[in-house]
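This is what each chain is made of:
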Amino acid sequence: MSASILLLYSSARGQTRRVCHTLTASHPDIELVELTPDPPAWPGRYEAVLFASPTYGQGGLHHVWTTHLPQLVEAFTPSPPRLGGLLVLGDQRYHARTFAGAVTAFKPYLQGTALAPLLDRICVLDPRQDRAWEQRCASWVEAIIQDSRGATYDHDRFDRSARR
């Protein structure tokens, strides 16, 4: 049984796009949609929804997220995903103070909404500095896929892989 997963992403300079394409190359059951200034559209319901974003500027969200998040919350309210997660990229070397600040920027939009489950599973990456980012990201997605298939989400296994 395939997982029904939607991965929505934005990319400022292509790094998040590259990460999302790498991630979905080994998971054909994930539908990949890039957010653009145009309103997003997608068919069907999903067991899991993932949002991926770079940390933009001084710790904020890319502008397409701030434009579309209210509509996304509204669109998912009638049939919310059971599972979800946030994939946030950052740059520790040049932006240590605001590294992965997009996580914090997502919270006010998602808390108390149908998309609040996305806040339960967060993966933070710095692909320029972390040589193991592909393995860490793959473990994160695999845990969500297992959950969507009824398996137990193994926090200990994910936490161990995330520290490598």
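Everything that follows concerns the structure shown earlier in this document.
Remember, predicted model here, so these are calculated numbers, not experimental data.

S.K.: In this structure, what is going on with the overall build of the protein chain? I would like to understand it.
M.R.: Counting its regular elements, the protein chain contains 5 helices and 6 strands. Secondary structure of the protein chain in N-to-C order comes out as β-α-β-β-β-α-β-α-β-α-α. Out of the 164 residues in the protein chain, the part that is buried amounts to 50%. For the protein chain, the proportion of contacts with a sequence separation of at least 24, taken over those separated by at least 6, is 76%. Carbon together with sulfur atoms contributes 49% to the accessible area of the protein chain, which is approximately 8300 Å² in total.

S.K.: Whenever I open this one, the nonpolar core confuses me. Can you help?
M.R.: Of all hydrophobic cores here, the largest spans 24 residues; its most connected members are F51, W65, L72 and L110. Elements with a minimum of two residues in this core: β1 (5–9), β3 (48–56), α2 (63–76), β5 (83–89) and α3 (102–110). With 6 residues, the single largest contributor to this core is α2. Once residues lying within four places of it in the same chain are set aside, the contact partners of F51 are L7, L8, W65, L69, L72, G85, L86, L87, F106, L110, L115 and L118. Core analysis: the next-biggest nonpolar cluster, separate from the first, contains 21 residues, V19, C20, C123 and L125 among them.

S.K.: Even after reading the chapter, I still don't get the pattern of salt bridges, so can you show me in this structure?
M.R.: Any two side chains of opposite charge can pair, on the condition that their charged atoms come close. Per the stated rule, a full pass over the model turns up 3 salt bridges. Put simply, R17 and E34 hold a salt bridge, and the shortest N to O gap is 2.6 Å. Note that R17 is positioned in helix α1 (residues 15–25) and E34 in strand β2 (residues 30–34), a separation of 17 residues in sequence. R17 sits in the partly exposed class, given a relative accessible area of 31%.

S.K.: Just checking my understanding: could you explain helix α4 (residues 133–148) for this structure?
M.R.: Structural remark: α-helix, 3.6 residues per turn; residues separated by three or four positions point the same way. With 16 residues, α4 should reach 22 Å at 1.5 Å per residue; the first-to-last C-alpha distance of 23 Å fits that figure. Looking only at α4, the buried set comprises W133, R136, C137, S139, W140, V141, A143, I144, I145, D147 and S148.

S.K.: Help me understand the packing of α2 against α3 in this model?
M.R.: The axes of two packed helices give the description: the angle between them and the distance between them. One can describe the packing of α2 onto α3 by two numbers: an axis separation of 10 Å at closest approach and a directional angle of 35 degrees. Along this stretch, α2 crosses α3, giving a crossing that reads as right-handed. Here W65, T66, L69, P70 and V73 of α2 come into contact with α3, specifically with F106, Y109 and L110. Looking at side-chain class alone, the contact of α2 with α3 contains 7 nonpolar, 1 polar and no charged residues.

S.K.: Please clarify how the pairing of β5 should be interpreted in this entry.
M.R.: Two faces make up the sheet, and in a regular strand the side chains alternate between them. Of all 7 residues in β5, 7 are buried; the element is thus mostly enclosed. Residues L83, G85, L87 and L89 of β5 are buried on one face, and the alternating residues G84, L86 and V88, pointing to the opposite face, are buried as well. By the bridge criterion, 4 bridges tie β5 to strand β6 (residues 122–125) in an arrangement that is parallel. Along β6, the bridge assignment pairs L87 with C123.

S.K.: What should I look at first to understand the packing of aromatic side chains in this one?
M.R.: Aromatic rings in a pair are described by how distant their centres are and how their planes are angled relative to each other. Summed over all chains, the structure comprises 3 aromatic pairs. Between F51 and W65 the ring centres are 4.6 Å apart and the planes differ by 40 degrees, which places this aromatic pair in the tilted class. Placement of F51 in strand β3 and of W65 in helix α2 is noted, with a sequence separation of 14 residues between them. Grouping residues by exposure puts F51 and W65 together as buried. Ring centres of W65 and F106 lie 5.2 Å apart, and the angle between their planes is 75 degrees; this geometry places the pair in the edge-to-face category. With W65 in helix α2 and F106 in helix α3, this pair connects stretches of sequence that are 41 residues apart. Residue F106 is classed as buried on the basis of its relative accessible area, which comes to 0%. Members of the aromatic cluster, each reached through a chain of ring pairs, are F51, W65 and F106.

Calculation notes
Residues numbered from 1 in each chain as written. Predicted model: local features only at pLDDT ≥ 70, side-chain atom pairs only at ≥ 80, totals over all residues. Heavy atoms only, no water. Helix = DSSP H or I, 4+ residues; strand = E, 2+ residues; numbered from the N terminus. Buried < 20%, exposed > 50% of the residue type's maximum accessible area, 1.4 Å probe, protein only. Contact = heavy atoms within 4.5 Å. Areas by Shrake-Rupley, 256 points an atom, 1.4 Å probe, with all protein chains shown as cover. Core = buried A, V, L, I, M, F, W, Y, C linked by side-chain atoms within 4.5 Å. Salt bridge = Lys/Arg side-chain N within 4 Å of Asp/Glu carboxyl O. Expected span 1.5 Å × (residues − 1). Axes fitted to C-alpha atoms, helices over the stretch in contact; angles between N-to-C directions. Left-handed = near helix turned anticlockwise from the far one by under 90°. Nonpolar A, V, L, I, M, F, W, Y, C, P; charged D, E, K, R; others polar. Pairing = 2+ DSSP bridges. Phe/Tyr/Trp six-rings, centres within 6.5 Å; stacked < 30°, edge-to-face > 60°.

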